Amino acid sequence: MKKEKTLNKNEDINKFADNLQEQIIEQLRKEYSEVVIDHWQNPRNFKKIKDPDGYAKVTGPCGDTMEMFINIQDEKISECGFQTDGCGTTIVCGSVTSEIALNKTFMQVIADVNAEDVLKHLGGLPPDNVHCAQLATETLKRALLDYRSKQKAPWKKHYRK
Ligand code: FES
């Protein structure tokens, strides 16, 4: 009898949690596109890369920080990972930027990848979140510049924190 009661209680808690999550997602749908919600629920490349070819850590105007890790093969970005202590939208922007970066050359990223691309890919973001896209693309570009500077001075890699 006691076991049955505990089971019912657990089922109630699970139902409550499912309903709550559904309500949160419904609320998000009013402001954000399905693409945003997808990246929010399943962020891509949310990882650190050990000993990457390029690395950058940038703090945005809001105080949130993003890190990008890239590996280069045949002059193209073969792997890109990111980490952030920022909000859900920052994670979404890091996720999309890391996908856009793949297979791009240094020049393609420096010249063509910007916050507008990320926003277009996401179907837009509320004005308060636009800087999240800027933070992600700037961090990517700085990681590439880090790669370039280490190519010119390979010893710098040993002094990275
Ligand atoms: S980067 Fe600050 S809220 Fe997203």
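Residues numbered from 1 in each chain as written. Predicted model: local features only at pLDDT ≥ 70, side-chain atom pairs only at ≥ 80, totals over all residues.

### A look at the sheet that holds strand β2 (residues 65-73)
Phase 1 of the analysis: With antiparallel pairing, three strands are arranged side by side in an open sheet as β1-β2-β3. Both edges of this open sheet fall to β1 (54-59) and β3 (76-84), since each of them pairs with a single strand only. Across the sheet, the axes of successive neighbouring strands diverge by a mean angle of 15 degrees, strand direction being ignored.
Phase 2 of the analysis: In this structure, β2 lies alongside β3, joined through eight bridges in antiparallel fashion. Bridge pairing in β3 places Met68 opposite Phe82.
Phase 3 of the analysis: Relative to the sheet, helix α3 (residues 88-101) contacts β2 and β3, its axis offset from that of β3 by approximately 170 degrees.
Phase 4 of the analysis: Sheet contacts for helix α6 (residues 130-152): β1 and β2; angle to β1, the most-contacted strand, approximately 140 degrees. (Pairing = 2+ DSSP bridges. Helix = DSSP H or I, 4+ residues; strand = E, 2+ residues; numbered from the N terminus. Axes fitted to C-alpha atoms, helices over the stretch in contact; angles between N-to-C directions. Contact = placed C-beta atoms within 7 Å.)

Note that every value here comes from positions in space, so none of it alone points to a role or purpose.
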